[in-house]
Structures are given as structure tokens and as C-alpha cells.
Amino acid sequence: MASEKTLRDLFHDTLKDIYFAEKKILGALPKMAKAAQSEELRAAFEKHEAETEDQVERLEQVFKEINQPARGKTCEAIVGIIDEGQEIMKGYKGKPALDAGLLAAAQAVEHYEISRYGTLKTWANELGLSEAVKLLDKTLAEEKKTDEALTKLAETGVNQHAEAA
Ligand SMILES: [Fe+2]
Ligand SMILES: [Fe+2]
């Protein structure tokens, strides 16, 4: 029998998408930290790497709440965003605009995550998954805070440094 494809299925599919994405991000953040020239940007990436580890665990708890194994499904969107970040790392290695490019790539990642977690939280609420709502909201807040911290870094030096060749 074909699956009914209800909101619950969509929630589960999207959970697999973000689980894959978080693991991919967990692999990319140390490389971005290593590549960053500014100490503050490096510290921001390292801080978010630790947060991302917690976020992966939170997703595993959400899988548990819907009685499903924690399993990811390839998310082409995050693969593309992270590939672009790697292109910047290669193309701008040792150049003044490297950090501005890394920062922009990281913000693209955060915006993707904010979109996903916002949707998942809304759906979890609709589905009456109260524990999931709390877990997803906690991560959503972390992603938003990270995005804001990156914006601040961009405004307080990283972009100016990129202009001064
Ligand atoms: Fe995340
Ligand atoms: Fe994030």
C-alpha cells in the first residue's frame, strides 16, 4: 500500500533532510575555522561547531519522539551551499576578502537552517509533538543568534578588512 503522505510523513522527511545537513555542517565548520584569518571569526565558527553537536543530539531526540531511527537523507541544498563555501576557501586563500566570503557562506548555511527549523517547529506544533517543539525551538534560537553574531562580525571589521587590499 502506498504511503498516505500526510503532514507526519513530510515532518519525518524534513527531519531527515536537516539531520543530514547538520552532520554535513559539523564536517565543514572545523575547515572554515581553520581557514578564517580573523581570530573572532575563527572563534565564532568553533563556538558554533560545539552548538551543532548539541543540535544533532536534539534531532536524535526528535526522531525518538516519532519512533523513527535517526537517519539522514541527502540534502542537495546544503551540499551546494557548502560547496560554494569550499570554492571561496580555495579561490580566496590568503586574500583580503577571504573572511568576508567565509562569513557570507556561513550566513547562507544559517539562513537555510533557520528556514528548516522554523518550518519543523510549526509542523511539530500542528502534530502535537510538544517535546519536539521545545527541542526545535531551542535550536532555532541558536541558529538565529549565530546569524546575528555573524552579521555583527561583518559590520565590525571583516568587510572593511576585505576592502583594504
Ligand atoms: Fe545547526
Ligand atoms: Fe547553524
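Up top you'll find the structure we're talking about.
Residues numbered from 1 in each chain as written. Chains lettered and ligands numbered in written order. Predicted model: local features only at pLDDT ≥ 70, side-chain atom pairs only at ≥ 80, totals over all residues. Heavy atoms only, no water.

### Observations regarding the coordination of the iron ion (ligand 2)
Step number 1: Distances from the iron ion (ligand 2) to its protein donors, namely His-48 (NE2), Glu-110 (OE), Glu-110 (OE), Glu-113 (OE) and Glu-143 (OE), fall within the range 2.0 to 2.5 Å.
Step number 2: Coordination of the iron ion (ligand 2) draws on donor residues from a single chain, spaced H-x61-E-x2-E-x29-E in sequence.
Step number 3: A gap of 3.2 Å separates the iron ion (ligand 2) and the iron ion (ligand 1), which Glu-113 links by coordinating each metal. With Glu-110 and Glu-113 both in helix α4 (residues 98–126), this residue pair falls three residues apart, about one helical turn.
Step number 4: With relative accessibility at 3%, the residue Glu-110 sits in the buried group.
Step number 5: Taking relative accessible area as the criterion, Glu-113 reaches 0% and is therefore assigned buried. (Donors = N, O, S within 2.8 Å, 3.2 Å for Na, K, Ca; no water. Helix = DSSP H or I, 4+ residues; strand = E, 2+ residues; numbered from the N terminus. Buried < 20%, exposed > 50% of the residue type's maximum accessible area, 1.4 Å probe, protein only.)

### Brief notes about the pattern of salt bridges
Step number 1: Here the structure, examined in full by the defined rule, presents seven salt bridges.
Step number 2: Note that Arg-58 and Glu-142 form a salt bridge whose closest N and O atoms lie 3.2 Å from each other. Within this pair, whereas Arg-58 is found in helix α2 (residues 39–65), its partner Glu-142 is found in helix α5 (residues 130–163), the two being separated by 84 residues in sequence. (Salt bridge = Lys/Arg side-chain N within 4 Å of Asp/Glu carboxyl O.)

### Regarding the layout of surface pockets
Step number 1: Put simply, the largest pocket is a space of about 180 Å³.
Step number 2: Lining the largest pocket are Ala-44, Lys-47, His-48, Glu-51, Glu-142, Lys-145, Thr-146, Glu-148, Ala-149 and Leu-150.
Step number 3: Listed by contribution, the elements that provide at least two residues to the lining of the largest pocket are α2 and α5.
Step number 4: For the lining of the largest pocket, the element with the highest residue contribution is α5, accounting for six residues. (1 Å grid on protein atoms, 1.4 Å probe; cavity = no way out; pocket = protein on both sides within 12 Å on 5 of 7 lines; lining within 4 Å. Points joined across faces, edges and corners; volume = space filled by probe spheres on them.)

### Remarks on the coordination of the iron ion (ligand 1)
Step number 1: Of the protein atoms, only Glu-22 (OE), Glu-22 (OE), Gln-55 (OE1), Glu-113 (OE) and Glu-143 (OE) coordinate the iron ion (ligand 1), at distances of 2.0 to 2.3 Å.
Step number 2: In primary sequence terms, the donor set of the iron ion (ligand 1) follows E-x32-Q-x57-E-x29-E.

### Here's the deal with the packing of aromatic side chains
Step number 1: Applying the stated criterion to the full structure yields one aromatic pair.
Step number 2: Geometrically, the ring pair formed by Tyr-19 and Phe-63 is edge-to-face, given 5.3 Å between the ring centres and 75° between the ring planes. Separated by 44 residues along the polypeptide, Tyr-19 in helix α1 (residues 7–35) and Phe-63 in helix α2 bring together distant segments of the chain. One exposure class covers both Tyr-19 and Phe-63, and it is buried. (Phe/Tyr/Trp six-rings, centres within 6.5 Å; stacked < 30°, edge-to-face > 60°.)

### A closer look at helix α3 (residues 76–91)
Step number 1: Between its terminal C-alpha atoms α3 stretches 22 Å, which fits the 22 Å expected from 16 residues at 1.5 Å a residue.
Step number 2: Here α3 has its buried residues at Ile-78, Val-79, Ile-81, Ile-82, Gly-85 and Met-89. Looking down the long axis of α3, one finds its buried residues gathered within 165° of arc, a one-sided arrangement. Turned more than 90 degrees away from the buried face of α3 sit Glu-76, Glu-84, Glu-87, Lys-90 and Gly-91, all of them exposed.
Step number 3: In the core, the buried residues of α3 are packed alongside α1 and α4. (Expected span 1.5 Å × (residues − 1). Arc of directions from axis to C-beta. Contact = heavy atoms within 4.5 Å.)

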